[in-house]
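Spelled out, the chains give:
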Amino acid sequence: MTDTTAEHLDLNDPLAHFRERFLMPQFEGRDAIYLTGNSLGLQPKTARQYINEELEDWATLGVEGHLHARHPWLPYHEFVTEPLARLVGAAPIEVVAMNSLTTNLHLLMTSFYRPSGKRKKIVIEKGAFPSDQYAVASQIAWHMGISPASPDALDHLIELSPRDGVSILRTDDIIETIEKNADEIALILLGGVNYYTGQAFDIRPITAAGHRAGAIVGLDLAHAAGNLKLTLHDDDVDFAAWCSYKYLNAGPGGIAGIFVHERHAHSFEIPRFAGWWGHDKAIRFQMGPNFVPLAGAEGWQLSNPPIFQLAALRASLEIFDEAGMPALRDRSVRLTTYMKQLLDEIDTDRIEIITPDDPEQRGCQLSIRVKNADRSLFNTISERGVIADWREPDVIRIAPVPLYNSFTDISRFARILRAALII
Ligand SMILES: *Cc1c(COP(=O)(O)O)cnc(C)c1O
């Protein structure tokens, strides 16, 4: 395929104009080929304006901004609640923006990992993102009174591994592991999309299997929020957490989000770590001594939130709302299918795509395994204007993001990769 095809696809694409809403990094006087929105999403042009408004209101109003800013700070987190709920397929009471991802995983495990009797284990993917592995192991150690330095915590971990010779987990294997260990599993904590392979897990049947086993099911949606069309409420997931600097374009270290299923909204007996922002709003400023949690996800908040970060997230979520996740996901499938097609056409045995072929089993990312872990290929494409990422030991991750990547980006990338491989 040629660039003419890509240009034609771009011209006939009803969502192509959303690219104009973002600031694109430059390389040698033109747009870089930015394929790493799975690591850090691009800046919406409105983010600067929204943050500036808060700086101005702070300058002119001081503390009065809590009530009288154009977007008052006291309820500011509520401005992103409904867009977040739409994004992950939740009711507004089930979501809130707060803290950062690993912090939220800990807060949610404090509430939802409650080992007792024989039921103590946590199921995760082998090779889960390191922060998740550390969080899970330290939660086990903390709950069991084991030293965090001791390897004994790992005895309470069940790691899901692919079959020999493949990179991808099979849903029936995951369910079989859950069923085999049913009476020992306290919590299943899976990624929505695995950060390394790009595999999207089959959330509904896995959640159902977890519940049949009597376990709680939580998700890390770092690579799924803003990437897949999620239906967390209907899938009956107990809790989920995600960061917002990847597909959600809220900027480096941006404020994260959580989901807690509505059936836990009024379960005030669940253990939790409390702070004043999770306290009943109507009586928060009476400063009473006893914690009265808000119903739903808001009741897990600790602190008054960072307004500048929320402003950036608001800018991005407005664009998601305009485009709509179903339309974005359709476009995403078309972009990634096109990418896969162009990569398959390259006649080489130096690379192999480890992400599932079936669009239902992946998001936008493709993971390219480079034979012999030859990083020089990645270095070469980087020198030619591709911004992607290299994950040890041997993978280049590329993510055509439906909000701002084009078919032309993809064909330029494929051309550069082909040239680098053939030399
Ligand atoms: C990106 C990512 C993280 C990062 O955690 P932070 O707390 O935001 O630094 C954690 N887990 C997964 C699966 C990720 O993809």
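Here's what I pulled together on the structure shown here. Think of each chain on its own: its residues are numbered from 1, step by step along the sequence as written. Under the rules for a predicted model, residues below a pLDDT of 70 receive no local features and side-chain atom pairs below 80 are neither given nor counted, while totals for whole chains, interfaces and linings still include all residues. For side-chain calculations, the full set of non-hydrogen atoms in the structure is used, while hydrogens and water are omitted.

1. As for the overall build of the protein
Here comes step 1: Numbered from the N terminus, helices here are DSSP runs of H or I no shorter than four residues, and strands are runs of E no shorter than two. Along the protein, the regular secondary structure elements total 13 helices and 17 strands.
Here comes step 2: Radius of gyration (C-alpha) of the protein: 22 Å, near the 22 Å computed for a compact globule of 423 residues.
Here comes step 3: For the protein, the C-alpha atoms occupy an extent of roughly 70 × 60 × 35 Å along the three principal directions.
Here comes step 4: To sort residues, take the accessible area from a 1.4 Å probe on protein chains only and compare it with the maximum for the residue type: under 20% means buried, over 50% means exposed, and anything in between is partly exposed. Counting the 423 residues in the protein, one finds 54% classified as buried.
Here comes step 5: The contact rule is simple, with two residues in contact once any of their heavy atoms fall within 4.5 Å. The long-range share in the protein, meaning contacts at least 24 apart out of those at least 6 apart in sequence, stands at 70%.
Here comes step 6: Of the roughly 17900 Å² of accessible surface on the protein, a fraction of 53% belongs to carbon and sulfur atoms.
Here comes step 7: The charge count treats Lys and Arg as positive and Asp and Glu as negative. His and the chain ends do not count. Lys charges are placed at NZ, Arg charges at CZ, Asp charges at CG and Glu charges at CD. Here the protein carries 40 positive and 55 negative side-chain charges, and the mean point of each set is 2 Å from the other. Our radius of gyration is a C-alpha quantity, and the globule rule it is checked against amounts to 2.2 Å times the number of residues to the power 0.38. Calculation of accessible area relied on Shrake-Rupley with a 1.4 Å probe; when residues are assessed, cover is drawn exclusively from the protein chains displayed.

2. Considering the layout of surface pockets
Here comes step 1: The space that makes up the largest pocket amounts to roughly 480 Å³.
Here comes step 2: Both cavities and pockets are sets of points on a 1 Å grid over the protein atoms alone; in a cavity a 1.4 Å probe fits but cannot get out, in a pocket the set is open with protein on both sides within 12 Å along at least five of seven lines, and lining residues sit with an atom within 4 Å of a point. If you trace the largest pocket, you find 22 residues lining it, with Phe 201, Asp 202, Leu 228, Lys 229 and Glu 360 closest to the centre.
Here comes step 3: Of all the secondary structure elements, the ones that give two or more residues to the lining of the largest pocket are helix 8 (203–212) and helix 11 (325–344).
Here comes step 4: Counting residues per element, the lining of the largest pocket draws most heavily on helix 11, which supplies 4 residues.
Here comes step 5: Domains are outlined according to an automatic or database domain assignment. Residue assignment places the lining of the largest pocket across two domains, with domain 1 (3–45 + 324–421) and domain 2 (75–321) each supplying three or more. Grid points are joined across faces, edges and corners, and a volume is the space filled by probe spheres set on the points.

3. Points about the packing of aromatic side chains
What describes a pair of aromatic rings is the distance from one ring centre to the other and the angle between the planes of the rings.
Here comes step 1: Two rings from Phe, Tyr or Trp (for Trp, the six-membered ring) form a pair when their centres sit within 6.5 Å of each other. Planes less than 30 degrees apart are called stacked, planes more than 60 degrees apart edge-to-face, and all others tilted. Within the structure shown, the criterion is met by 13 aromatic pairs.
Here comes step 2: For the ring pair Phe 112 and Phe 239, a centre distance of 5.3 Å and an interplane angle of 20° mean the geometry is stacked. Of the two residues, Phe 112 is situated in helix 5 (residues 101–112) and Phe 239 in strand 11 (residues 239–242); the sequence distance between them amounts to 127 residues. Across the pair, exposure class does not vary: Phe 112 and Phe 239 are buried alike.

4. Overview of the sheet that holds strand 14 (residues 366–370)
Here comes step 1: If you walk across this open sheet you meet the 4 strands as 13-14-17-16, and the pairing is antiparallel. Each edge of the open sheet is held by one strand with a lone partner, namely strand 13 (351–353) and strand 16 (389–391). With direction set aside, neighbouring strand axes in the sheet form an average angle of 30°.
Here comes step 2: Strand pairing is assigned whenever DSSP detects at least two bridges linking the two strands. Two strands pair when backbone bridges link them, and strand 13 and strand 14 are joined in this way by 3 bridges, in the antiparallel orientation. Paired with Glu 352 across the bridge in strand 14 is Arg 369. Only the stretch in contact is used when a helix axis is fitted, and all axes are lines through C-alpha atoms; the angle between N-to-C directions ranges over 0 to 180 degrees.

5. Considerations on the site of the ligand
Here comes step 1: Put simply, a residue is near a molecule or strand once any heavy atom of it comes within 4 Å of that molecule or strand. Surrounding the ligand, one finds Leu 101, Thr 102, Phe 129, Asp 132, Asp 220, Ala 222, His 223, Tyr 245 and Lys 246.
Here comes step 2: Here an oxygen atom of the ligand sits 2.6 Å away from a polar atom, N or O, in the side chain of Thr 102.
Here comes step 3: At 3.1 Å, a side-chain N or O of His 223 approaches an oxygen atom of the ligand.
Here comes step 4: For the ligand, the protein covers 82% of the area, taking 390 Å² as the surface of the free molecule.
Here comes step 5: In terms of residue class, the shell around the ligand is built from 4 nonpolar, 2 polar and 3 charged. Polar contacts here mean pairs of N or O atoms no more than 3.5 Å apart (in protein, one a potential hydrogen donor and the other a potential acceptor; neighbouring residues in sequence count only if both atoms are side-chain atoms). Ten residue types, Ala, Val, Leu, Ile, Met, Phe, Trp, Tyr, Cys and Pro, are classed as nonpolar, four, Asp, Glu, Lys and Arg, as charged, and the remainder, Gly among them, as polar.

Everything listed here is a matter of coordinates, which is why it stays silent on function.
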